[in-house]
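# Report on the structure
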Number of protein chains: 2
Amino acid sequence: MSDTQNNCDIEFSPESLSNASLMAATTAAIAACLQNGDLRALRNFFASHETADVAALFSKLPSQVAIGAMAALETHDQARLFGYLAPPCQTEISKLISRRDLATIMAAMSPDERADLYKRLDPLAQEAVLPGLALAERDDLRRLASYPEGTVGAIMTSNYATLAPHLTAPQAIDALRRLALDTETIYQSYVTDPDQRLLGVVDLRDLLVARSDQRVQDIMDGEPAHVRAEAPREDAASMISRYDLLAMPVIDADDKLVGIVTQDDAMDVQEEEATSDFHKAGTVQRLASSVRDATLLALYRARISWLVLLVFFNIFSGAGIAFFEETIQANVVLLFFLPLLIASGGNAGSQSSTLMVRALATGDVGVSDWTSMLGREIAVALLLGLSMAVPVSLLGVLRAGPEIAVVVSITMVVIVLVGSLIGMTLPFLLNRFRLDPATASGPLITSVADVLGVLIYFGIATRILTLA
Amino acid sequence: MSDTQNNCDIEFSPESLSNASLMAATTAAIAACLQNGDLRALRNFFASHETADVAALFSKLPSQVAIGAMAALETHDQARLFGYLAPPCQTEISKLISRRDLATIMAAMSPDERADLYKRLDPLAQEAVLPGLALAERDDLRRLASYPEGTVGAIMTSNYATLAPHLTAPQAIDALRRLALDTETIYQSYVTDPDQRLLGVVDLRDLLVARSDQRVQDIMDGEPAHVRAEAPREDAASMISRYDLLAMPVIDADDKLVGIVTQDDAMDVQEEEATSDFHKAGTVQRLASSVRDATLLALYRARISWLVLLVFFNIFSGAGIAFFEETIQANVVLLFFLPLLIASGGNAGSQSSTLMVRALATGDVGVSDWTSMLGREIAVALLLGLSMAVPVSLLGVLRAGPEIAVVVSITMVVIVLVGSLIGMTLPFLLNRFRLDPATASGPLITSVADVLGVLIYFGIATRILTLA
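Residues numbered from 1 in each chain as written. Chains lettered and ligands numbered in written order. Predicted model: local features only at pLDDT ≥ 70, side-chain atom pairs only at ≥ 80, totals over all residues. Heavy atoms only, no water.

## Topic: the overall build of chain A
From N to C terminus, chain A includes 20 helices and six strands. Judged by the C-alpha coordinates and their principal axes, chain A covers about 90 × 60 × 45 Å. Of all 468 residues assigned to chain A, the portion counted as buried reaches 55%. Summarising the internal contacts of chain A: among those between residues at least 6 apart in sequence, 66% fall at separations of at least 24. When the accessible surface of chain A is summed, it comes to about 19,500 Å², and 56% of that surface belongs to carbon and sulfur atoms. Across chain A, the mean location of the 34 positive side-chain charges is 3 Å away from that of the 54 negative side-chain charges. (Helix = DSSP H or I, 4+ residues; strand = E, 2+ residues; numbered from the N terminus. Buried < 20%, exposed > 50% of the residue type's maximum accessible area, 1.4 Å probe, protein only. Contact = heavy atoms within 4.5 Å. Areas by Shrake-Rupley, 256 points an atom, 1.4 Å probe, with all protein chains shown as cover. Lys, Arg positive; Asp, Glu negative; His and termini not counted. Charge placed at Lys NZ, Arg CZ, Asp CG, Glu CD.)

## So, the interface of chain A and chain B
Counting residues at the interface gives 118 residues for chain A and 119 residues for chain B. Here chain A and chain B share an interface that buries about 10,800 Å² over both sides, 63% of which is from carbon and sulfur atoms. Taken as a group, R205, F278 and R303 of chain A account for 8% of the area that chain A buries against chain B, more than any other trio of residues on that side. Scanning the region where chain A abuts chain B turns up 45 residue pairs in polar contact (both at pLDDT 80 or more). Classifying every residue of the side of chain A that touches chain B gives 64 nonpolar, 32 polar and 22 charged. (Buried area = accessible area lost by both parts, 1.4 Å probe. Polar contact = N/O pair within 3.5 Å; in protein donor to acceptor, adjacent residues only side chain to side chain. Nonpolar A, V, L, I, M, F, W, Y, C, P; charged D, E, K, R; others polar.)

## Let's talk about the side chain of S189 of chain A
Among the secondary structure elements, S189 of chain A is positioned in strand β2 (residues 188-192). Beyond its immediate chain neighbours, meaning those up to four positions away, S189 of chain A contacts A161, L163, L176, G200, V201 and V202 of chain A.

## Quick look at the sheet that holds strand β6 (residues 257-262) of chain A
All names here are of chain A. Spatial ordering of the open sheet is given by β4-β5-β6, a layout of three strands whose pairing is mixed. Two strands in the sheet have a free side with no partner beyond their single neighbour: β4 (227-228) and β6. When β4 meets strand β5 (residues 247-251), the two strands line up parallel, connected through two bridges. Following the sheet pairing, V227 is matched in β5 by V250. (Pairing = 2+ DSSP bridges.)

## Examining the packing of aromatic side chains
Residues and elements named next belong to chain A. Under the counting rule described, the total for this entry stands at 14 aromatic pairs over all chains. When the centroid spacing of 5.8 Å and the interplanar angle of 35 degrees are considered together, the rings of F324 and F458 count as tilted. Taken together, the positions of F324 in the loop between α16 (296-323) and α17 (325-330) and F458 in helix α20 (residues 442-467) put the pair 134 residues apart, joining distant regions of the chain. The pair F324 / F458 is uniform in exposure class, with both members buried. (Phe/Tyr/Trp six-rings, centres within 6.5 Å; stacked < 30°, edge-to-face > 60°.)

## Observations concerning the relation of the copies chain A and chain B
Overlaying chain A with chain B gives an RMSD of 0.1 Å, the required rotation being 180 degrees about an axis along which the chain moves by 0.1 Å. Viewed as a symmetry operation, the transformation between the two copies matches a two-fold axis. Of the residues that chain A buries at the interface, 100% are likewise interface residues in chain B, meaning the two copies contact each other through the same surface. (Least-squares fit on C-alpha atoms with pLDDT ≥ 70 in both.)

## Overview of the domain arrangement of chain A
Segmentation of chain A into domains returns domain 1 (14-154), domain 2 (162-262) and domain 3 (296-467). Centre-to-centre, using C-alpha coordinates, domain 2 of chain A lies 52 Å away from domain 3 of chain A. (Domains from an automatic or database assignment.)

## With respect to the pattern of salt bridges
Residue and element names in this part refer to chain A. Overall, the coordinates contain 30 salt bridges over all chains when judged by the stated rule. One salt bridge connects R228 with D255, and the closest N-O pair in it is separated by 3.0 Å. Separated by 27 residues along the polypeptide, R228 in strand β4 and D255 in the loop between β5 and β6 bring together distant segments of the chain. The class for D255 is partly exposed, based on a relative accessible area of 34%. (Salt bridge = Lys/Arg side-chain N within 4 Å of Asp/Glu carboxyl O.)

## Brief notes about the sheet that holds β2 of chain A
The strands that make up a sheet pair up through hydrogen bonds in the backbone, lying either parallel or antiparallel. Residues and elements named next belong to chain A. Spatially, the three strands line up as an open sheet ordered β1-β2-β3, and their pairing is mixed. A strand with exactly one partner marks an edge of an open sheet, and here the two such strands are β1 (162-163) and β3 (198-203). Where β2 lies against β3, five bridges are found, and the strand directions are antiparallel. If you follow S189 over to β3, its bridge partner there is V202.

## Some words on the packing of helix α15 (residues 263-281) of chain A against helix α15 (residues 263-281) of chain B
Think of two packed helices as two axes; the pair is described by the angle between the axes and how far apart they sit. Running from amino to carboxyl end, α15 of chain A crosses α15 of chain B at an angle of 5 degrees, the nearest separation of the two axes being 10 Å. By the angle class used here, α15 of chain A and α15 of chain B are roughly parallel. Contact residues: Q263, D264, A266, M267, Q270, E271, A274, D277, F278 and A281 of chain A in α15 of chain A; Q263, D264, A266, M267, Q270, E271, A274, D277, F278 and A281 of chain B in α15 of chain B. Across the contact of α15 of chain A with α15 of chain B, the residue classes break down as ten nonpolar, four polar and six charged. (Axes fitted to C-alpha atoms, helices over the stretch in contact; angles between N-to-C directions. Parallel < 35°, antiparallel > 145°, perpendicular 65-115°, else oblique.)

## Some words on the environment of A449 of chain B
Relative to the assigned elements, A449 of chain B resides in helix α21 (residues 442-467). Other than its neighbours up to four places away in sequence, A449 of chain B contacts G345 and G346 of chain B.

## Let's talk about the environment of D139 of chain B
Following the sequence through the fold, D139 of chain B ends up in helix α10 (residues 135-145). Note: C-alpha distance between D139 of chain B and D265 of chain B (126 residues apart in sequence) is 23 Å.

## Things to note about unusual backbone geometry
All names here are of chain B. Of note in the backbone geometry, Q196 takes a positive phi value of approximately 70 degrees without being a glycine. The topology assignment puts Q196 in the loop between β2 (188-192) and β3 (198-203). With relative accessibility at 35%, the residue Q196 sits in the partly exposed group. Phi at R434 takes a positive value of approximately 55 degrees, unusual for a residue other than glycine. Here R434 shows up in the loop between α20 (402-432) and α21.

## Remarks on helix α2 (residues 39-47) of chain A
All names here are of chain A. The complete set of buried residues in α2 reads A41, L42, F45 and F46. The buried side chains of α2 occupy one side of the element, clustering within an arc of 140 degrees when seen end-on. Opposite the buried face of α2, by more than 90 degrees, sit the exposed residues R40 and A47. Summarising the contacts, the buried residues of α2 are in contact with α1 (20-35), α3 (51-58), α4 (63-71) and α5 (75-84). (Arc of directions from axis to C-beta.)

Right, here's the structure in full:
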């Protein structure tokens, strides 16, 4: 609906973002509005689209056009838009606008987005924007910005609603009505004692259906799920997902309430962690920004160390081949089957590790489940190996005679079994030693399976062909 | 908190789930309570833990113990617990309890969970439970169950709150108070005309802060984000994530409101889709259940077709080697470098495809971005190839002399470049032809890179060593 009733002359839909000519038209239309001083059109444009979409557009505009267009908006809308901008774009605009404008926008941003932006500013800019904030905001900002990346503290926000335990339900609803505009959510509020210690959580729904003489302390959940600010952010995300929570209270080392993590933050964490695991499984190290925004050097750094490391494994494969040079020179036809045998072990191993890495990441299986998974893995791997041995043995007979066919089919079964067992075991081992199981990536498993595959293949070939 | 104040004698925490001896103790304690008829202890146990945790425990209990313990609970709690059970466990218990008990529990379940369970029942059981439901519930169930898996309709729920547009804010709040116990959420309500067509969405927060003479139609968002019931479920999940929504209205082909998708359902979809992409990237096909619950046959099926398919690519590698037999027999030392060169191309390609597959899945880059990514990919791949060529050329000099070193280092640069370009391009191509980019898995890229790698390596070697 939002696209059809657009009543200004800037044409834009989320689909335009990945279409160069549509983007050029939108950019030109915005630039034209700026040149004509038609600020009303810009405000209408903002009002008739979702902020997230406008931000995605602004993140792709030339900085000067984006800054000009932002200037047309009210501070409140500027702050919302700013919070949604892609980090590199946010940082760049922060550098280009005046420190005073930046402080005004930051004062209007939500505390968690403000802290994220603050952390990305250079120290001089950090110093410069602080005086533009009220004292309470300044303290709050310093505190939020102090939690290391990857912790719950770094994703929580500090504008939550608190209620005193002795309030009656109607009093509590009145209090929430007054807080409604300044807090992230009023649908869940946090009941604290005078020392800010968390006593419970109360849903607005329960306050609404309560009798008017019931007090907050009678209605609240007195044993709410909660998380510590220093805990890994995945903990908060997975509890929110598991328990279907709207938000989760965060406490510090003294059990004091210091923030909340909301469900939409949890979704972002879940997506980022899935991306990070996905990248690790493809031997790409954590990128600070998206692929689109990453610098060449960052991309190079994220990839080079694994590539070099894996080469070392492959030197062992080469050494294995060199060791069996005699067998190979006597039966060059063995080389024909080398790629398919070696690759099958790596492929089977990479399948097994894929299943286990993800199951461990989602909590589907635990470390102690290794033994119970082992029997199944052996059974499945034998089935797979035997299925693969049939066509390969036919190929062997056709191309190189029955002896080679025997070598090749035995090798296939052993290699698929060994590859699968390595693939399923390595993630558990890494987890056991508190390393990230996602490091047991396909390419790593493939490299290990390659070395063993060479030894198994030529070992079996040497034995059988010498005996024969 | 919930674990320490547990006032019955059944010891349990979420950590117990992955510890065999703790699980045995918990199971024994529950069985003992059942034998002693101590139903109060079971009810206390349920009340003092999160439903999701109890359900995870019940999904691991012997069916008869689980059924006995469930019988101790009120229907309402049974229904909540049942909704959280792992699907195979839910189906098994459904078969073991009486049809009447099943109908009672299903009547108390939330509509979306009821429909999910209904779809898993066999046709006879489906027929048998329908008479136990009220007419309206029956129609609702049939309608919800009619949407195919993977669509928005299959994850939406039908107990949302609707409001008439002419209600004043206090009237609307009163209406929501009455609906509070029977709807999934009252924090967002849907404004409809008499034909159930969606007019807008209104937040409870906005109703609370409105003046008492303001009407719903003045406060509502008249252009809310919405989705069609037949759309892929990922569409709803990604819009909820992108726009930070609590819930999203679902409309049918006649623009009538038929359901809502909530944020917690969106989180589940996001996690399942990430798992599915992760599996595809490791050449594992979609599993209907978790790795832990999957049958041997299901695991075999999910893996065999890719393994066989990839073998075919590797036959080409073998044929490539066979084609260059003369060059190899004249320079057997070339074989030493074969694994590391071939693998590097595959590894670089698998890195590139990993980055692109995930970026396409999260919407970080679009199909039209291929050209703009190409230049960067070439630059990064050349940097990587040159970095790898240095140590490899040293190894070449040491092991086989300067000529081979030249062959090996040129091959490394070309192979890493070709591998990277294939890895980055294939996901775009698949997306362009409306296939799932995640199919451009590491193993597939590796296999393609292997074939080309063999040809490149021995091609360069034949040319240079013959010239020399």
